[in-house]
Structures are given as C-alpha cells and as structure tokens.
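Below, each chain spelled out in residue letters.
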Amino acid sequence: MVEDDRAIASALHRALEREGFSPVTVGTAADALNALPVDFVLLDLGLPDRDGVELFARLREVSPAPVIIVTARGTEEDRVAGLDLGADDYVVKPFGVRELVARMNAVLRRAGSRDAAPTDQRVGALEIDRRARTVHVDGVEIACTPKEYAIIEFLARDPGSVITRQELLDSVWGANWYGSTKMIDVHVAALRKKLGDAVVIETVRGVGFRLVDPR
Ligand code: CA
C-alpha cells in the first residue's frame, strides 16, 4: 500500500490484516519501489516525492502485480485516465474497506482464472466449452443467455468454492457496475431450471453461490 496519509494508511493496514493480507505500507514512491516484489499494489496518486501516475508507469515496467489506484481525485476524467493507464481498478476516497477488499478479491480472482481456466471443462454432468461458449449437461446442449453463460462459466472455474454475489457481479456485469446484487438470484434461478437436477448451484445464505457435483 502506497499511501502518505497516516490515518488512512493505518486504518487500511489493520483492515487488510483482518482480511488475511500481509500489507506492507509505505508513504513515498521511492519506498514503494524498494518494497517490491509484492503480490498486489494499492496506489495513492497524490504522493509527496513523485507523481503517482509516473510511479504507476514505473511499477508496470518492473512488477507484474495488479494495481488498484486509490485516490482522492474523483472526477470522471480522472477515473477514465486511471483505467486508461491500465490500472486493474480505481477506487475514489472516501471508500468503504469492504468495497476495497471485494474489488481486490475480484481482481485477484480474474487474474488467477485468466491463467487457470481451461478451454473445456467438466464438472460432473456439466460440460463447458469456453471457445464455443456452449454449455452441455449429460451431452445435451443448454440454451443459455449470455449472462447465464457468464454466471455458470464463472462458477465452474472454482467448483466447490463459494463465489460471492459481489464477485459474480464484478465478473459478469463489470467492476464499475453499480446496482442490486439481487438480480443475480433471478438469473441463477433461471439457470437452475435449465440445468436440471444433474447440476447443482447451491445458495450459501447471505454470501453467494457454489457449484457442486451431486454425483
Ligand atoms: Ca496522498
């Protein structure tokens, strides 16, 4: 975490520790470069020794870690500039820690699944062909809407694990989409009907969903 505001830095540091991260907090661009390598960068753009945009460009050259820009500069132009730079996401102060952590997890999951998701995948009776974007159950093709396909495809990347509604929202609707997560339940209900009993999408109350192989 590159953050020169001590109050924000220490609050965020503790919150990230509670979430299971091992944060390293620095307050200058020079210390940020010295702290590498890291797995993730939270970058404040307003730094005392160097412009954060410059530091971002330098980080991209020397580090493969995903970067979320955390900044007080919140106009739409700034947001677009931040994302245009190639930041993985952009969070404007003040923000909730839970929102930030959800966004970090979504970025990590996207990064991990980009590498890990195979072209064809079987989970019990379910078969997903990512090149053709088709879903089969016991060899029979299921006619999914694009959103339904995106949901089942995302759940199938990590069968047996709970996927939160926020993660689904970020993946299927995009990280910058704001709205009720309840609509996911509507799509999942429709998907369940189409998939039948051979494929089970469990609801984990208050959290999200899990794809399980019932056989
Ligand atoms: Ca600052």
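This write-up is about the structure you can find in this document. Given the structure is predicted, the values throughout are model-derived calculations rather than measurements. (Residues numbered from 1 in each chain as written. Predicted model: local features only at pLDDT ≥ 70, side-chain atom pairs only at ≥ 80, totals over all residues. Heavy atoms only, no water.)

## Points about the pairing of strand E2 (residues 67–71)
In the case of a regular strand, side chains alternate between the two sheet surfaces.
Right, so step 1: Counted residue by residue, E2 has five buried out of five residues, so it is predominantly covered.
Right, so step 2: Residues Val 67, Ile 69 and Thr 71 of E2 are buried on one face, and the alternating residues Ile 68 and Val 70, pointing to the opposite face, are buried as well.
Right, so step 3: Summarising the sheet, strand E1 (residues 41–44) and E2 pair through four bridges and their orientation is parallel. The partner of Leu 42 across the bridge, within E2, is Ile 68.
Right, so step 4: At this point the chain moves from E1, through helix H3 (residues 52–62), to the parallel E2, and the crossover so formed is right-handed.
Right, so step 5: Strand direction decides the pairing type here: E2 and strand E3 (residues 89–92), joined by four bridges, are parallel. Across the sheet, Val 70 pairs through a bridge with Val 91, a residue of E3. (Buried < 20%, exposed > 50% of the residue type's maximum accessible area, 1.4 Å probe, protein only. Helix = DSSP H or I, 4+ residues; strand = E, 2+ residues; numbered from the N terminus. Pairing = 2+ DSSP bridges. Right-handed = clockwise from strand over helix to strand, strands pointing away.)

## Focus: the nonpolar core
Right, so step 1: Grouped together as the largest cluster of nonpolar side chains are 28 residues, with contacts concentrated most on Leu 126, Ile 152, Leu 195, Ile 201 and Leu 211.
Right, so step 2: The set of elements that each furnish at least two residues to this core consists of strand E5 (126–129), strand E6 (134–137), helix H6 (146–156), helix H7 (165–173), helix H8 (182–195) and strand E10 (208–212).
Right, so step 3: The dominant element in this core, judged by the number of residues it contributes, is H6, at seven residues.
Right, so step 4: Apart from residues no more than four positions distant in its own chain, Leu 211 is found in contact with Val 123, Leu 126, Ile 152, Leu 155, Ala 156, Pro 159, Gly 160, Val 199, Val 200 and Ile 201.
Right, so step 5: In this structure, Val 2, Val 26, Ala 29 and Leu 43 belong to the second largest nonpolar core, which totals 17 residues. (Core = buried A, V, L, I, M, F, W, Y, C linked by side-chain atoms within 4.5 Å. Contact = heavy atoms within 4.5 Å.)

## Let's talk about the environment of Gly 139
Right, so step 1: Along the chain, the position of Gly 139 falls in the loop between E6 and strand E7 (140–142).
Right, so step 2: For Gly 139 and Ala 125, which are 14 residues apart along the polypeptide, the C-alpha to C-alpha distance reads 8.0 Å.

## Brief notes about the coordination of the calcium ion
Right, so step 1: Ligation of the calcium ion by protein atoms is provided by Asp 4 (OD), Asp 44 (OD) and Gly 46 (O), these donors lying 2.2 to 2.3 Å from the ion.
Right, so step 2: Here the donor residues for the calcium ion map to a single chain with the spacing D-x39-D-x1-G. In this pair, Asp 4 sits in the segment before helix H1 (6–18) while Asp 44 sits in strand E1, placing the two residues 40 residues apart along the sequence.
Right, so step 3: You can call Asp 44 buried: its relative accessible area is 4%. (Donors = N, O, S within 2.8 Å, 3.2 Å for Na, K, Ca; no water.)

## Notes on the packing of H6 against H7
Right, so step 1: Put simply, H6 and H7 touch, their axes get as near as 10 Å, and they point 130° apart. Of the possible angle classes, the one that applies to H6 and H7 is oblique. Crossing geometry of H6 relative to H7 is assigned as right-handed. From H6, Lys 147, Ala 150, Ile 151 and Phe 154 reach across to H7, where they touch Glu 167, Leu 168, Ser 171, Val 172 and Trp 173.
Right, so step 2: Looking at side-chain class alone, the contact of H6 with H7 contains six nonpolar, one polar and two charged residues. (Axes fitted to C-alpha atoms, helices over the stretch in contact; angles between N-to-C directions. Parallel < 35°, antiparallel > 145°, perpendicular 65-115°, else oblique. Left-handed = near helix turned anticlockwise from the far one by under 90°. Nonpolar A, V, L, I, M, F, W, Y, C, P; charged D, E, K, R; others polar.)

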